[in-house]
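One-letter residues, chain by chain:
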Amino acid sequence: MSCSVVAALQQRSVTANRGVSRARSVRTLELIQGSLSSRKVARQSPVLAGLHRAADGALIGVLVAAALMSALTLHWQHRWTIAFNRLETTRSLAHRLTDSTAMIERHLLVETRLPQSMVPTKVANLLYLERSTNPSGVVDSGESQLLSQLMGQPINHGY
């Protein structure tokens, strides 16, 4: 007796295969979501969930602080750069002013001449003069004369 076995392919419908694969993927997704659910973890171990929340809050706080410090650092570096540029400009202008003043003084010293009536003198050539006195006998100083002359003149207002 001879027996022959014939294998025949069972044809499934394409829509049935899609439904089965969707069901598997949905069950797999539910399994993954269920195992990583924060609510489930919080129910099973509340201390661990609290530590996770604290760590998340601390991490967000550190990131915000780092961003704030970076912004402040960039701001103050910009302000320092502006101030340093102003300082360099001020130093340059002060140096130019000093050079200009020295050039003007040198020019004035070269161009000025002493009058012919002025001669170098010695202590032996000096004369001592007494202060002049008023008819009333009071010594009149040069300062009081100058002040009395200024008081007699009118004052012009403005520049």
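Residues numbered from 1 in each chain as written. Predicted model: local features only at pLDDT ≥ 70, side-chain atom pairs only at ≥ 80, totals over all residues. Heavy atoms only, no water.

## Description of the overall build of the protein chain
Going by this rule: Under the DSSP-based scheme used, a helix requires at least four consecutive residues in state H or I and a strand at least two consecutive residues in state E, with every element numbered from the N terminus. Categorising residues by exposure relies on relative accessible area from a 1.4 Å probe, with only protein chains included: less than 20% of the type maximum marks a residue as buried, more than 50% marks it as exposed, and the intermediate range marks it as partly exposed. Exposure was quantified through the Shrake-Rupley algorithm and a 1.4 Å probe, taking into account, for residues, occlusion by the shown protein chains and nothing else.
When helices and strands are counted, the protein chain shows 4 helices and 0 strands. Reading the protein chain from its N terminus to its C terminus gives the helix and strand order α-α-α-α. Classification of the 159 residues of the protein chain by burial places 1% in the buried group. Counting every atom, the protein chain has about 16100 Å² of accessible surface; 62% of that belongs to carbon and sulfur.

## Considering the packing of aromatic side chains
We count it as follows: Ring pairs shown here join Phe, Tyr and Trp side chains whose ring centres sit within 6.5 Å, with only the six-membered ring taken for Trp; geometry is labelled stacked below 30 degrees between planes, edge-to-face above 60, and tilted in between.
For the structure shown, the criterion picks out 1 aromatic pair. Between the aromatic rings of Trp80 and Phe84, the centroid separation amounts to 5.2 Å while the plane-to-plane angle is 10°, which identifies the pairing as stacked. Remark: Phe84 and Trp80 occur in helix α3 (residues 46-111); sequence separation between them is 4 residues, near one turn of the helix. You can call Trp80 exposed: its relative accessible area is 56%. On the basis of relative accessibility, which here comes to 33%, the residue Phe84 falls in the partly exposed class.

## So, the confidence of the model for the protein chain
Keep this limit in mind: For every residue, the predictor states its confidence as a pLDDT score lying anywhere from 0 to 100.
Across the protein chain, the average pLDDT comes to 77, with 63% of residues at 70 or higher. Per-element confidence in the protein chain is highest for α3, whose mean pLDDT is 93, and lowest for helix α1 (residues 14-35), whose mean pLDDT is 61.

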